[in-house]
Amino acid sequence: MQPASRAALAASRDQLESRFRDAGPQDRDRVGEDLGAVAVVLDEQPVIRRHLTDSAAPEQVRRAMVESLFGGKVNAVSLAILADVVSSRWSRPRDLVDGCEELAWQALLALAEQDQSLDDVEDELFRFGRILVAQPRLTALLSDESQPADRRLRLLHTVLADRTRPVTRRLLEQAVRAPRRRALEEIIDELVDRAAARRERSVAYVTAAGPLSEQQEQRLIDVLNRIYQRPISLKIDVDPGLLGGMVIRMGDEVIDGSVASRLDHAHQWMSR
């Protein structure tokens, strides 16, 4: 996002958090679903999102358009949040779709935060992402936007089989319903990052040659905390193909300390 859209999203998120705190339990429960549904509509209707992000139109006109389009279809809290969203200046109409999706995620994660299940939701999202990596056929079926969303959701529900928290299921439903031509595994990673961020943590994705003991995990956390100067949430995957050592990914940075990588470098050096 460009600076104007980033500022609009930050302001909209603050307003969402404020309205969310003041809302009743039933209203709070609907906000994430409402905003996710609106994101789908805006993704499918370029003319609507263009009008709602037209900075030449007075703010009251944009607010009135939100009321006309979504009044009676979403609850009052969701409608007020959407009015806040379109009051801001967005760099591009497409950013409004991304913004509504992000706010939907935050509303659902706030529910998990309130019922103290955020740790579990973060872990369940990560584990589902590992399933997708291990089963590319499943990933392809869940991501196939040529198939009706209801069919993809039925497959998702079959895979989950009520083994996840409600918020995890709802977040995954939104990702599967509208992947918007993005890799599903990347969307899941984004959701994991958002869940960690709500706990004021960053995520370190660790691939190790074998399982780590609790002491090894804690030592790794301590080292990464010192390096990055912030709390770290570890997400560990096991890949015997590494032969030994581990690969750590923090955002765009990759620390490759695997034996397989060192052997590959040695082979390349010997082949020169």
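Everything below is about the structure printed above this text.
Below is a short write-up of the structure. (Residues numbered from 1 in each chain as written. Predicted model: local features only at pLDDT ≥ 70, side-chain atom pairs only at ≥ 80, totals over all residues. Heavy atoms only, no water.)

### Topic: the environment of Asp256
Okay, step 1: Relative to the helices and strands, Asp256 is located in strand 4 (residues 253–256).
Okay, step 2: Under the relative-accessibility criterion, Asp256 is labelled partly exposed at 41%.
Okay, step 3: In this structure, the C-alpha to C-alpha distance between Asp256 and Thr207, residues 49 residues apart in sequence, is 9.5 Å. (Helix = DSSP H or I, 4+ residues; strand = E, 2+ residues; numbered from the N terminus. Buried < 20%, exposed > 50% of the residue type's maximum accessible area, 1.4 Å probe, protein only.)

### Examining the pattern of salt bridges
Okay, step 1: For the structure on display, the rule yields 25 salt bridges.
Okay, step 2: With a shortest N-O distance of 4.0 Å, Glu17 and Arg13 are connected by a salt bridge. Taken together, the positions of Glu17 and Arg13, both in helix 1 (residues 3–22) and four residues apart, correspond to about one turn of that helix.
Okay, step 3: Residue Glu17 is classed as buried on the basis of its relative accessible area of 15%.
Okay, step 4: Exposure remark for Arg13: the relative accessible area of 30% places this residue in the partly exposed category.
Okay, step 5: Of the charged contacts, one joins Arg198 and Glu113 as a salt bridge, the two residues approaching to 2.8 Å between their closest N and O atoms. With a gap of 85 residues between them, Arg198 in helix 11 (residues 184–198) and Glu113 in helix 6 (residues 93–114) connect regions that are remote in the sequence.
Okay, step 6: Judged by its relative accessible area of 12%, Arg198 is buried. (Salt bridge = Lys/Arg side-chain N within 4 Å of Asp/Glu carboxyl O.)

### As for the packing of aromatic side chains
Okay, step 1: A full pass over the atoms with the stated rule returns one aromatic pair.
Okay, step 2: On the numbers, 6.1 Å between centres and 35° between planes, the contact of Phe126 with Tyr205 is tilted. You can see Phe126 sitting in helix 7 (residues 118–134) and its partner Tyr205 sitting in strand 1 (residues 202–208), a full 79 residues away along the chain. The two residues Phe126 and Tyr205 agree in class, both being buried. (Phe/Tyr/Trp six-rings, centres within 6.5 Å; stacked < 30°, edge-to-face > 60°.)

### Thoughts on the sheet that holds strand 4
Okay, step 1: The four strands lie next to each other as 2-1-3-4, forming an open sheet whose pairing is mixed. The outermost strands of the open sheet, each flanked by one partner alone, are strand 2 (232–238) and strand 4. With direction set aside, neighbouring strand axes in the sheet form an average angle of 20°.
Okay, step 2: Of the pairings in the sheet, the one linking strand 3 (residues 246–250) to strand 4 comprises four bridges and is antiparallel in character. For Met250, the partnering residue across the bridge sits in strand 4 and is Glu253.
Okay, step 3: Running over the sheet, helix 7 touches strand 1 and strand 2 and is turned about 30° from strand 2.
Okay, step 4: Running at roughly 130° to strand 1, helix 11 makes contact with strand 1, strand 2 and strand 3 of the sheet. (Pairing = 2+ DSSP bridges. Axes fitted to C-alpha atoms, helices over the stretch in contact; angles between N-to-C directions. Contact = heavy atoms within 4.5 Å.)

### With respect to the environment of Thr168
Okay, step 1: Considering the arrangement of structural elements, one finds Thr168 in helix 10 (residues 166–177).
Okay, step 2: Sequence-wise, Thr168 and Asp54 are 114 residues apart; in three dimensions their C-alpha atoms are separated by 35 Å.
Okay, step 3: Apart from the residues lying within four places of it in its own chain, the contact partners of Thr168 are Val121, Glu124 and Leu125.

### Describing the packing of helix 6 against helix 11
Okay, step 1: At their nearest, the axes of helix 6 and helix 11 sit 10 Å apart, and the two run at 50° to each other. The angle between the axes of helix 6 and helix 11 places the two elements in the oblique class. Classified by chirality, the crossing of helix 11 by helix 6 is right-handed. Of the residues in helix 11, those in contact with Glu102, Trp105, Gln106, Leu109, Ala110 and Glu113 of helix 6 are Ile187, Glu190, Leu191, Arg194, Ala195 and Arg198.
Okay, step 2: Looking at the contact of helix 6 with helix 11 residue by residue, the class counts come to six nonpolar, one polar and five charged. (Parallel < 35°, antiparallel > 145°, perpendicular 65-115°, else oblique. Left-handed = near helix turned anticlockwise from the far one by under 90°. Nonpolar A, V, L, I, M, F, W, Y, C, P; charged D, E, K, R; others polar.)

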